[in-house]
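Architecture at a glance
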2 protein chains.
Amino acid sequence: MIDWFSKKSCLAMAGVMVVGAALVPGISAAAAPTPAELAIGYRQALYTVLDGNFEYLGGVVKGRVPFKSDEVVKRAERLAYLATMIGDAFPEVSKSGHTDAKPEIWTHRAEFDKKVLALVTESAALVTELKKDSSNSAAFKKAFGAVGQACKSCHDDYKKE
Amino acid sequence: MIDWFSKKSCLAMAGVMVVGAALVPGISAAAAPTPAELAIGYRQALYTVLDGNFEYLGGVVKGRVPFKSDEVVKRAERLAYLATMIGDAFPEVSKSGHTDAKPEIWTHRAEFDKKVLALVTESAALVTELKKDSSNSAAFKKAFGAVGQACKSCHDDYKKE
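About the criteria used
- Residue numbers run consecutively from 1 along every chain, following the written order of its sequence.
- Lettering for chains starts from A, numbering for ligands starts from 1, and both go in the order in which the items are written.
- With pLDDT at 70 or above as the cut-off, local features in this predicted model cover only qualifying residues; side-chain atom pairs require 80 or more to be listed or tallied, and sums for whole chains, interfaces and linings still use all residues.
- No hydrogens and no water enter the side-chain calculation; it runs on all heavy atoms of the structure.
- A run of DSSP states H or I qualifies as a helix once it reaches four residues; a run of E qualifies as a strand once it reaches two. Both are numbered from the N-terminal end.
- Think of it in three bands: with a 1.4 Å probe and only protein chains considered, a residue is buried below 20% of the maximum accessible area for its type, exposed above 50%, and partly exposed in between.
- We call two residues in contact whenever any of their non-hydrogen atoms come within 4.5 Å of each other.
- Here the accessible surface of atoms and residues is derived via Shrake-Rupley with a 1.4 Å probe, and residues count as covered only by protein chains that are part of the display.
- Two parts placed together each lose some accessible area under a 1.4 Å probe, and adding up what both lose gives the buried area.
- Each salt bridge in this description consists of a side-chain nitrogen of Lys or Arg and a carboxyl oxygen of Asp or Glu lying within 4 Å of one another.
- Polar contacts, as counted here, are pairs of nitrogen or oxygen atoms within 3.5 Å of one another; within protein the pair requires one atom able to donate a hydrogen and one able to accept it, and residues that are adjacent in sequence qualify only if both atoms are side-chain atoms.
- Axes, fitted as lines to C-alpha atoms, cover a helix only where it is in contact. Angles between the N-to-C directions of the axes lie from 0 to 180 degrees.
- Roughly parallel means an angle under 35 degrees; roughly antiparallel means over 145; roughly perpendicular covers 65 to 115; every other angle is labelled oblique.
- Each crossing gets its handedness from the near helix: less than a right angle anticlockwise from the far helix is left-handed, clockwise is right-handed.
- Charged means Asp, Glu, Lys or Arg here, nonpolar means Ala, Val, Leu, Ile, Met, Phe, Trp, Tyr, Cys or Pro, and polar covers whatever is left, Gly included.
- Pairing of aromatic rings covers Phe, Tyr and Trp, the last through its six-membered ring, and needs centres within 6.5 Å; plane angles under 30 degrees mean stacked, over 60 mean edge-to-face, and all others mean tilted.
- For a lysine, the NZ atom is tested; for an arginine, the CZ atom; a charge sits over a ring if that atom is within 6 Å of the ring centre and within 35 degrees of the ring normal.

1. Brief notes about the overall build of chain A
A tally of helices and strands in chain A yields six helices and zero strands. The helix and strand sequence of chain A, counted from the amino end, reads α-α-α-α-α-α. The proportion of buried residues among the 161 residues of chain A is 37%. Of the contacts made within chain A by residues no fewer than 6 positions apart, 75% connect residues no fewer than 24 positions apart. A total accessible area of about 8,300 Å² is found for chain A, and carbon and sulfur atoms account for 60% of it.

Written out as structure tokens, the structure is:
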């Protein structure tokens, strides 16, 4: 991961700098993104995508968005899949920089990983519940609440205010 | 989607504005993100996550990143899954704003959707190939090349320079 980010950033920025120098003489190109910046950018993008689907479901649960079973199942499946991508979005290289991730993630990695696993488990349970009964049921709302709790539990300990 | 983005942005920005006013008197809060901005931000995040996994595989194919079969299969599976999320990341509301998406996407939607489907198909074929033979084979490289071609074909027609 680190090697790849590092090499990608060098290659990408070499291209940017050549194009930049050709098109805008006199204006120096921005510094190449560091491996940490690339890894943090990737992680923040992953959370943006996760959040987009989570908030959709939250809107449904709160009655702001109409319940459509196909759409709700699709969003829940996405949460369950994206949750499995969180763990390796926290490589060691990404612990310093402009990030809301607390350094305790890396000093208490096993505990952090347990909290991530709870999100994987709860979002998979939400999908299971919806496949059993894809209606706007109390069980759906409860299962979604458990997903939200898994998010919050990790944020409480490992996300900066 | 539009309703949800709109409502979410209002609620989120109401919070931001209250906090902002309390903490930084005299400095006005930024304008609330529009539904278009929220949808474009979501889409760009999705492509950042896709690209992170695509470039990892590209590094493997080019020999810059060591071939590890578990990792390669995982990245290919992510591409195949994320590709299925592209279609609805282009809602009508997101056609204007700071985006590299050409307006032709929405005037030639069926053709655009075909190109997106080609990426879904080729990335699924890459996973199938790797499950048949998860070694650093010529067939893996060829299947990955077809994924890259599917990306390029769509970018050529529908992404601004």
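2. Details of the interface of chain B and chain A
On the side of chain A, 28 residues touch chain B, which itself brings 28 residues to the contact. Buried area between chain B and chain A, summed over both chains or domains, comes out near 2,500 Å², and the portion from carbon and sulfur atoms is 64%. On inspection of chain B and its partner chain A, the count reaches four salt bridges. Two residues, A:K74 and B:D88, come together in a salt bridge whose shortest N-O distance is 2.7 Å. Our count for the contact surface shared by chain B and chain A stands at ten residue pairs in polar contact (both at pLDDT 80 or more). Looking at the side of chain B that touches chain A, the elements that each hand over two or more residues are α1 (2-23), α2 (35-61) and α3 (69-83) of chain B.

3. Re the packing of helix α5 (residues 109-132) of chain A against helix α6 (residues 138-158) of chain A
Residue and element names in this part refer to chain A. Put simply, α5 and α6 touch, their axes get as near as 9 Å, and they point 165° apart. Relative to α6, the element α5 is oriented roughly antiparallel. Considering the relative orientation of α5 and α6, their crossing is left-handed. Residues E111, F112, K115, A118, L119, E122, S123, L126, E129 and L130 of α5 form the contact with α6, whose own contacting residues are A139, F140, A143, F144, A146, V147, A150, C151, S153, C154, D157 and Y158. Tallied by class, residues from the contact of α5 with α6 come to 15 nonpolar, two polar and five charged.

4. A look at the packing of aromatic side chains
Here the structure, examined in full by the defined rule, presents 13 aromatic pairs over all chains. Seen from their ring centres, A:Y47 and A:F90 are 6.2 Å apart, and the 75° between their planes marks the pair as edge-to-face. Taken together, the positions of A:Y47 in helix α2 (residues 35-61) and A:F90 in the loop between α3 (69-83) and α4 (104-107) put the pair 43 residues apart, joining distant regions of the chain. A ring pair is formed by A:F112 and A:Y158, whose centres lie 5.4 Å apart and whose planes are at 85°; its orientation type is edge-to-face. Of the two residues, A:F112 is situated in helix α5 and A:Y158 in helix α6; the sequence distance between them amounts to 46 residues. Summarising the burial analysis for this pair, A:F112 and A:Y158 share the class buried. Taken together, A:Y47, A:F90, A:W106, A:F112 and A:Y158 form an aromatic cluster joined through their ring pairs. If you follow B:R75 out to its NZ or CZ, it ends over the ring of B:Y56, 4.2 Å from the centre.

Spatial relationships are all this shows, so hold off on functional conclusions.
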